[in-house]
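# Structure at a glance
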Amino acid sequence: MNVAAILKLKGKGVVTATADMSLLEIAQLLEQHGIGCIVIGDEEGKVVGIVSERDLVRAIGKSGPKVLKARRTPR
């Protein structure tokens, strides 16, 4: 299956989050939409990165569950 076929099935909508959201809020969006990663945008809507389920697991593994509630301010 190629990218065009996947987009045809899933649609062109992309779920986004902002850089100031906590990892817990991002995890909740992932669960709510049944997706494995989310696009992170800045104040102007420019893509600045992504967060995946793997990123969440690594953050918890490194810093413990408290990392989920921490807020990061955009650069």
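Before going into details, it helps to say that this report is about the structure given with it.

About the thresholds
- Residues numbered from 1 in each chain as written.
- Predicted model: local features only at pLDDT ≥ 70, side-chain atom pairs only at ≥ 80, totals over all residues.
- Heavy atoms only, no water.
- Pairing = 2+ DSSP bridges.
- Helix = DSSP H or I, 4+ residues; strand = E, 2+ residues; numbered from the N terminus.
- Axes fitted to C-alpha atoms, helices over the stretch in contact; angles between N-to-C directions.
- Contact = heavy atoms within 4.5 Å.
- Left-handed = near helix turned anticlockwise from the far one by under 90°.
- Nonpolar A, V, L, I, M, F, W, Y, C, P; charged D, E, K, R; others polar.
- Right-handed = clockwise from strand over helix to strand, strands pointing away.
- Buried < 20%, exposed > 50% of the residue type's maximum accessible area, 1.4 Å probe, protein only.

### Re the sheet that holds strand E1 (residues 16–18)
Reading across the sheet, the 3 strands line up as E1-E2-E3 and stay open at both edges, with mixed pairing between neighbours. The sheet terminates laterally at E1 and strand E3 (47–52), the two strands that pair on one side only. Taken pair by pair, the neighbouring strands of this sheet meet at an average axis angle of 35°, ignoring direction. The pairing of E1 with strand E2 (residues 37–41) spans 3 bridges and is classified as parallel. Across the sheet, residue Ala17 finds its bridge partner in E2, namely Ile40. Against the sheet, helix H2 (residues 23–33) makes contact with E1, E2 and E3, and its axis sits at roughly 130° relative to E2, the strand it touches most.

### Examining the packing of H2 against helix H3 (residues 53–63)
Here H2 crosses H3 at 145°, and the two axes come no closer than 11 Å. When the axes of H2 and H3 are compared, the crossing they make is left-handed. When H2 is examined against H3, the residues Leu23, Ala27 and Leu30 are found in contact with a partner set consisting of Glu53, Leu56 and Ala59. Residue composition of the contact of H2 with H3, grouped by class: 5 nonpolar, no polar and 1 charged.

### Quick word on the environment of Met21
Of note, Met21 is situated in the loop between E1 and H2. Beyond its immediate stretch of four places on either side in the chain, Met21 contacts Ile26, Leu29 and Arg71.

### Things to note about the pairing of E3
With 5 bridges joining them, E2 and E3 adopt antiparallel strand pairing. Counterpart to Cys37 in the pairing with E3 is Ser52.

### Description of the pairing of E2
Each regular strand carries side chains that alternate between the two faces of the sheet. Of the crossover connections in this fold, the one passing from E1 over H2 to the parallel E2 is right-handed. Linking E2 back to E3 in an antiparallel pair, the connection comprises 5 residues, with Gly45 at a positive phi of about 85°.

### A few points about the side chain of Ser52
With respect to the helices and strands, Ser52 occurs in strand E3. For Ser52, a relative accessible area of 17% corresponds to the buried category. Residues within four places of Ser52 in sequence aside, it is in contact with Gly36 and Cys37.

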